[in-house]
Amino acid sequence: MTEYVKGEALQFDYNKGRNKLSNSLRQLSMQTVKTKEIQIVVNGIARSAPGEITMAGLLAFLDILPDRVAVELNGMIVKKQDWAATLIGAGAKLEIVQFVGGG
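This one's a predicted model, so the numbers in the text were calculated from it and none came from an experiment. (Residues numbered from 1 in each chain as written. Predicted model: local features only at pLDDT ≥ 70, side-chain atom pairs only at ≥ 80, totals over all residues. Heavy atoms only, no water.)

1. Details of the nonpolar core
Part 1 of the argument: Ranked by internal contacts, the top residues of the largest apolar core, which has 19 residues, are Ile40, Met55, Leu58, Val71, Ile88, Leu94 and Ile96.
Part 2 of the argument: Sorting the residues of this core by element identifies strand E1 (37–42), helix H2 (55–61), strand E4 (69–73) and strand E7 (93–98) as the ones contributing at least two each.
Part 3 of the argument: Filtering out sequence-adjacent residues up to four positions away, Ile96 remains in contact with Val42, Asn43, Leu59, Leu62, Ile64, Val69, Ala70 and Val71. (Core = buried A, V, L, I, M, F, W, Y, C linked by side-chain atoms within 4.5 Å. Buried < 20%, exposed > 50% of the residue type's maximum accessible area, 1.4 Å probe, protein only. Helix = DSSP H or I, 4+ residues; strand = E, 2+ residues; numbered from the N terminus. Contact = heavy atoms within 4.5 Å.)

If you want it as structure tokens, here you go:
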């Protein structure tokens, strides 16, 4: 442990702990992380999606802003307040309609 003497400049080695962290991250990145994927159909197009995803999560995954969309899941419209609790299962068929303003 280094002692601090009043009037001297403090020196801090930013890399001192970084090597341990870097090695840990490197080992983690070498591990294979397997995420279950499901096959779904969105607006008539077959797609892969992460397994165990909610409707809200799927919209985020698809980069769709939820502000102006309506979603139908397997022929039933899902209310916006239910999106966070509605799980998308394998083989689901979704229709996502985006509202466009204009005149």
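2. A word on the pairing of E1
Part 1 of the argument: What you see with E1 is a clean split: Ile38, Ile40 and Val42 sit on the buried side and Glu37, Gln39 and Val41 on the side with no burial.
Part 2 of the argument: Pairing of E1 with strand E2 (residues 45–50), which is carried by 6 bridges, proceeds in the antiparallel orientation. Its bridge partner being in E2, Ile40 is matched across the sheet by Arg47.
Part 3 of the argument: Connecting the antiparallel pair E1 and E2 is a turn made up of 2 residues, with Asn43 showing a positive phi of about 50°.
Part 4 of the argument: For E1 and E7, the ladder comprises 2 bridges, and the chain directions are parallel. In the sheet register, Val41 faces E7, and the bridge partner there is Lys93. (Pairing = 2+ DSSP bridges.)

3. What about the confidence of the model for the chain?
Part 1 of the argument: Residues of the chain with pLDDT of at least 70 account for 65%, and the chain-wide mean is 79.
Part 2 of the argument: Every residue in residues 17–21 scores below 50 in pLDDT, and together they form 0 contacts with partners more than four places removed in sequence or on other chains. (pLDDT = per-residue confidence, 0-100.)

4. A few points about unusual backbone geometry
Part 1 of the argument: Look at Asn43: it is not a glycine, yet its phi comes out positive at around 50°.
Part 2 of the argument: Here Asn43 shows up in the loop between E1 and E2.
Part 3 of the argument: Not every positive phi belongs to a glycine, and Glu52 is a case in point at roughly 50°.

5. Description of the environment of Ile64
Part 1 of the argument: As for its placement among the helices and strands, Ile64 is situated in the loop between H2 and E4.
Part 2 of the argument: Taking the C-alpha atoms as reference points, Ile64 and Gln98, 34 residues apart in sequence, are found 8.8 Å from one another.

6. What about the sheet that holds E4?
Part 1 of the argument: The 5 strands are arranged E2-E1-E7-E4-E5 in an open sheet whose pairing can be described as mixed. Two strands close off the open sheet at either side, each with one partner strand: E2 and strand E5 (76–78). Along the sheet, successive strands turn relative to each other by an average axial angle of 35°, direction set aside. (Axes fitted to C-alpha atoms, helices over the stretch in contact; angles between N-to-C directions.)

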